[in-house]
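Chain residues, written in single-letter form:
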Amino acid sequence: MIPLLILSPLILLAALGAVWKARPVHAALLLALSLALVAVLYLTIGADFIGLVQFMVYVGAVAILIVFSLLITRPSDEAEEIQRRPRSMVTGLICTLPVLAVLLIALVKGDPLTLPAADAPPLSIARLGELLFTTHAPAVLAVGVLLTAVMIGAALFARDIEKPKSNQPEK
Amino acid sequence: MIFATVPFPSFTLESLPQLPKLLVEWLLTLVGAPDWLVIIGGTAAMAGTVVGVFLSAFALLSLVERKTLARIQNRLGPNRAGWFGILQPVADGIKMLTKEDIVPTKAEWLLHLAAPILIVVPSILALGVMPLGREWVPVNMELGLLFFFSVGALTELSVFMAGWASGSKFPMLGAMRAISQMVSYELPLIISALGVIMVTGSLRLSDIVAHQEGFNFGIIPNWNLFTPWGFAAGLIFYIASIAEANRCPFDLPEGESEIVAGHMTEYSGFKYALFFMGEYLGLFAIAGLGVTLFLGGWQAPLPFLGWVPTWIWFFAKLAVIIMSYLWIRGTFPRVRIDQLMRFAWLCLIPMALLTIPAAALWVFTGKGIVSWVVTVPLLMIPWVILTILFNRRLAPATRTYTFADS
Amino acid sequence: MNPLALLLTLSSLLFALGLLAVLTRRNAILILVGIELMLNAANINFIAFWRYGPPDPELTGPMFVLFSIAIAAAEAAVGLAIILMVFRHTRSTDLNKLDSLHG
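What counts and how
- Residues numbered from 1 in each chain as written.
- Chains lettered and ligands numbered in written order.
- Predicted model: local features only at pLDDT ≥ 70, side-chain atom pairs only at ≥ 80, totals over all residues.
- Helix = DSSP H or I, 4+ residues; strand = E, 2+ residues; numbered from the N terminus.
- Rg over C-alpha atoms; globule rule 2.2 N^0.38 Å.
- Buried ≥ 20, exposed ≤ 12 C-beta atoms within 10 Å, placed from the backbone.
- Contact = placed C-beta atoms within 7 Å.
- Nonpolar A, V, L, I, M, F, W, Y, C, P; charged D, E, K, R; others polar.
- Core = buried A, V, L, I, M, F, W, Y, C linked by C-beta atoms within 7 Å.
- Domains from an automatic or database assignment.
- pLDDT = per-residue confidence, 0-100.
- Axes fitted to C-alpha atoms, helices over the stretch in contact; angles between N-to-C directions.
- Parallel < 35°, antiparallel > 145°, perpendicular 65-115°, else oblique.
- Expected span 1.5 Å × (residues − 1).
- Arc of directions from axis to C-beta.
- Left-handed = near helix turned anticlockwise from the far one by under 90°.

A look at the overall build of chain B
Secondary structure summary: chain B contains 13 helices and 2 strands in total. Here the C-alpha atoms of chain B give a radius of gyration of 23 Å, agreeing with the 22 Å that 2.2 N^0.38 yields for 406 residues. Each principal axis of the C-alpha atoms in chain B carries an extent, and together these give about 90 × 65 × 40 Å. Each of the 406 residues in chain B was classed as buried or not, and the buried ones make up 39%.

See the structure below:
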């Protein structure tokens, strides 16, 4: 319980920074920090495999993708700051606070909160692997096809720009 | 103080590296410390031992590398500081520590400071799960191999932070190149390790080493390198590890004639020493992983050499791999960025993917002569096809130069 | 407050923060940051119920989270590729400027 109490405010602070900071790269790095802290949270709970996979995929791949794209799409002038217009922040809060209220009310009123905490069921890799490749094998194959399609699609997107668009006569 | 009668810990030559930990634990239980303090003290002593061993190896390597490269290039290398230059690492350390620490005005000082620290930390963490001897595994995690690759992911983000926080163009460009290289070569690295995991059936590194014990025909060790899929996977792992560690011929991100010093350009003094240390410790970590996965870890190479302590075998094999890295560094020219990417995506990844069905077929057909007959063509025929394709159609276009007076 | 309630509160707040990022940010990539936060909030929810809920031999929580992580990574890749293509066309990632179908 104590690690959770320490980690939760840190995660929320990092996520708040990711949402609030004006410089995009700072926001992306704070997102990486909050994802890394969520991975640490998974490790303290006992979901070792999920925590390490979260670290490897989110911090090691998604965060790097995001910062890379931020670098490529940097504006040429130094005014990277996002001028947050007060009107859009108010609109955002008006839309977000009801969602938060619904979630928290469901939490308070729901029965599952009185469940006794089970003593740590260890996440056994053998069981995970067995389930993945017997019960959920079609899902694994579908995700494989999805990821292959994503890779091919992203590569095609990147290649598109190399088609010569001008019709200069060849020398 | 309560002197309980705790016997002095017995140790053999085999468990000699455990001695600091055993001593600290013995002293603490003698003084009557509570259990948790004994555990913390023992773990700290173990961590201190590993870090101390690898830092002295790092210092030694920096000298050995310069002497070896010098001899390859027909010169002498450092020989002023002490007998045969043996005090050169000390001189380097003093120099690094006493240099002025310059932070550019346009740099973000917090990220600029955090980046070198975050590059050293994953390398040291990765060294903690390595099985260095039969009884010397600092942290015997059940998911050791996955932990190794996860902390490797942190290195890439730190390289980006180093490049971006420096606030100037060379580091930025160097960081982008370094990240693309590291991300591209991480795929063959992990895929080639998948075959080993499949055959062993466990992610625990000490299990992988224990799986490779025994000798075939009485003389050939049962290492993963001496199987067809293991040879292919080991070769791919070797090449990918050179690229992951940003070593020549893949040191485009830090080649002086290309990009000054890449993401490390704006660093001076101790922070540069930390980068240097992080790179070399990462080299030890990844070479150590290669030794564990493919060369049998701490197993002895011949049956009658089993009396030698196992950690000596580990470090001997590690030394052989690192010397081969130095040899390659002194011999090969640097590859271009498009050659690098092409090689990773069009050659290494298909071959790495082929090692997985090869490993599966190896196990299903019983690891005998039939397995050799089945897996060797599975690996060799696509390799030959790839080589022919690379020489003909997939080669990068020859550069045409137009001169000013034509 | 038991651990389950703490984790569910954390995940609700994280979800709300992600939603706020999606609704108020102008840079398209920072909206993706918000989407990743929302996905993470849902993952925390699954893991919390697996750990502090009734024992589940089917490991539904971690299964779901594994697939969710994979799909989130795929979606981030595709989303960023689309954003880069749009950037090449319009030289801007400001979503307020992308308000006409005419390229």
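Further notes follow.
Let's talk about the overall build of chain A
When helices and strands are tallied, chain A shows 6 helices and 0 strands. Going from N to C terminus, chain A has its helices and strands arranged as α-α-α-α-α-α. A total of 171 residues make up chain A; the buried ones form 28% of that total. The contacts in chain A between residues at least 6 apart in sequence include a share of 55% that link residues at least 24 apart.

What to know about the interface of chain C and chain A
The interface is formed by 61 residues belonging to chain C together with 64 residues belonging to chain A. Considering each element in turn, the side of chain C that touches chain A owes the most residues, 20 residues, to helix H3 (residues 60-90) of chain C. Grouping the amino acids of the side of chain C that touches chain A by side-chain chemistry returns 46 nonpolar, 9 polar and 6 charged.

Some remarks on the nonpolar core
Of all hydrophobic cores here, the largest spans 169 residues; its most connected members are Ala28, Val59 and Ala63 of chain A together with Val33 of chain C. At 17 residues, helix H3 (residues 48-72) of chain A tops the list of elements feeding residues into this core. Apart from the residues within four sequence positions on either side, Ala63 of chain A is in contact with Ala28, Leu31, Ala32, Leu35 and Tyr58 of chain A together with Leu157 of chain B.

Considering the domain arrangement of chain A
In many reports, interface size means the accessible area that the parts give up when they come together. Segmenting chain A into domains produces domain 1 (1-76) and domain 2 (124-160). Taken over C-alpha atoms, the centre of domain 1 of chain A sits 23 Å from the centre of domain 2 of chain A.

A few points about the interface of chain A and chain B
Each side of the interface is counted separately: chain A has 16 residues, and chain B has 16 residues. Mapped by element, the contributors of at least two residues to the side of chain A that touches chain B are helix H2 (24-45) and H3 of chain A. Per-element tally for the side of chain A that touches chain B: the top contributor is H3 of chain A, with 12 residues. Looking at the side of chain A that touches chain B residue by residue, the classes come out as 14 nonpolar, 1 polar and 1 charged.

Describing the confidence of the model for chain B
Looking at chain B as a whole, its pLDDT mean stands at 87, while 96% of the residues score no less than 70. The ipTM for the predicted assembly is 0.91, set against a pTM of 0.90.

Considering the arrangement of the chains
Contacts between protein chains span 2 pairs of chains, and they are most numerous for chains A and C. Considering only C-alpha positions, the minimal separation of the non-contacting chain B and chain C is 14 Å.

Notes on the packing of H2 of chain A against H3 of chain A
Residues and elements named next belong to chain A. Between H2 and H3, the shortest axis-to-axis distance is 8 Å and the interhelical angle comes to 175 degrees. The angle between H2 and H3 places the two elements in the roughly antiparallel class. Across from Pro24, Val25, Ala28, Leu31, Ala32, Leu35, Ala36, Val38, Ala39, Tyr42 and Leu43 in H2, the residues of H3 making contact are Asp48, Ile50, Gly51, Gln54, Phe55, Tyr58, Val59, Ala63, Ile66, Val67 and Leu70. Its residues placed into classes, the contact of H2 with H3 shows 19 nonpolar, 2 polar and 1 charged.

A closer look at the environment of Val363 of chain B
The topology assignment puts Val363 of chain B in helix H12 (residues 337-364). On a C-alpha basis, the gap between Val363 of chain B and Glu186 of chain B in space is 26 Å, while along the polypeptide they are 177 residues apart.

Looking at helix H1 (residues 19-31) of chain B
All names here are of chain B. With 13 residues, H1 extends 18 Å between its outermost C-alpha atoms, agreeing within 8% with the 18 Å of an ideal straight helix rising 1.5 Å per residue. Those residues of H1 not exposed but buried are Lys21, Val24, Glu25 and Leu28. Down the axis of H1, the buried side of the element spans an arc of 95 degrees, and every buried residue falls inside it. For H1, the secondary structure elements touched by its buried residues are helix H2 (35-72). Phi turns positive one or two residues past the end of H1, at Gly32, with a value near 95 degrees.

Observations regarding the packing of H1 of chain B against H2 of chain B
When two helices pack together, you describe them by how their axes are tilted relative to each other and by the distance separating the axes. All names here are of chain B. Relative orientation of the contacting elements H1 and H2 amounts to 155 degrees, with a least axis distance of 8 Å. Here H2 runs roughly antiparallel to H1, going by the angle between their axes. Of the two possible hands of crossing, H1 and H2 adopt the one that is right-handed. Two secondary-structure elements touch here, H1 through Pro20, Lys21, Val24, Glu25, Leu28 and Thr29 and H2 through Leu37, Val38, Gly41, Gly42, Ala45, Met46, Gly48 and Thr49. Taken together, the residues of the contact of H1 with H2 sort by class into 7 nonpolar, 5 polar and 2 charged.

A few points about the environment of Phe160 of chain B
Relative to the helices and strands, Phe160 of chain B resides in helix H5 (residues 144-165). Each C-alpha atom of the pair Phe160 of chain B and Glu108 of chain B lies 13 Å from the other, and the pair is 52 residues apart in sequence. In this view, Phe160 of chain B contacts Ile64 and Val67 of chain A together with Ala175 and Ile179 of chain B; residues no more than four positions away in its chain are not counted.

Re the domain arrangement of chain B
Residue and element names in this part refer to chain B. Domain annotation for chain B reports domain 1 (17-73 + 85-98) and domain 2 (102-388). Each of domain 1 and domain 2 has a C-alpha centre, and the two are 23 Å apart. Counting from both sides, the interface comprises 18 residues of domain 1 and, opposite them, 21 residues of domain 2. Of all the elements in the fold, those that place two or more residues in the side of domain 1 that touches domain 2 are H2 and helix H3 (88-98). Among the elements that take part in the side of domain 1 that touches domain 2, H2 stands out by supplying 13 residues, more than any other. In the side of domain 1 that touches domain 2, the residues fall into 13 nonpolar, 4 polar and 1 charged.

Quick word on unusual backbone geometry
The backbone phi angle of Asn246 of chain B is positive, close to 55 degrees, even though this residue is not glycine. You will see that Leu59 of chain C, though not glycine, has its phi angle at about 50 degrees, which is positive. Looking at the element boundaries, Leu59 of chain C is found in the loop between helix H2 (28-52) and H3.

Notes on the environment of Pro221 of chain B
Residue and element names in this part refer to chain B. In this structure, Pro221 sits in strand S2 (residues 220-221). For Pro221, a count of 18 C-beta atoms within 10 Å gives the class partly exposed. Separated by 74 residues in sequence, Pro221 and Leu295 have C-alpha atoms that sit 9.3 Å apart. Excluding residues that lie within four positions of it along the chain, Pro221 makes contacts with Phe215, Phe226, Gly296, Gln299 and Pro301.

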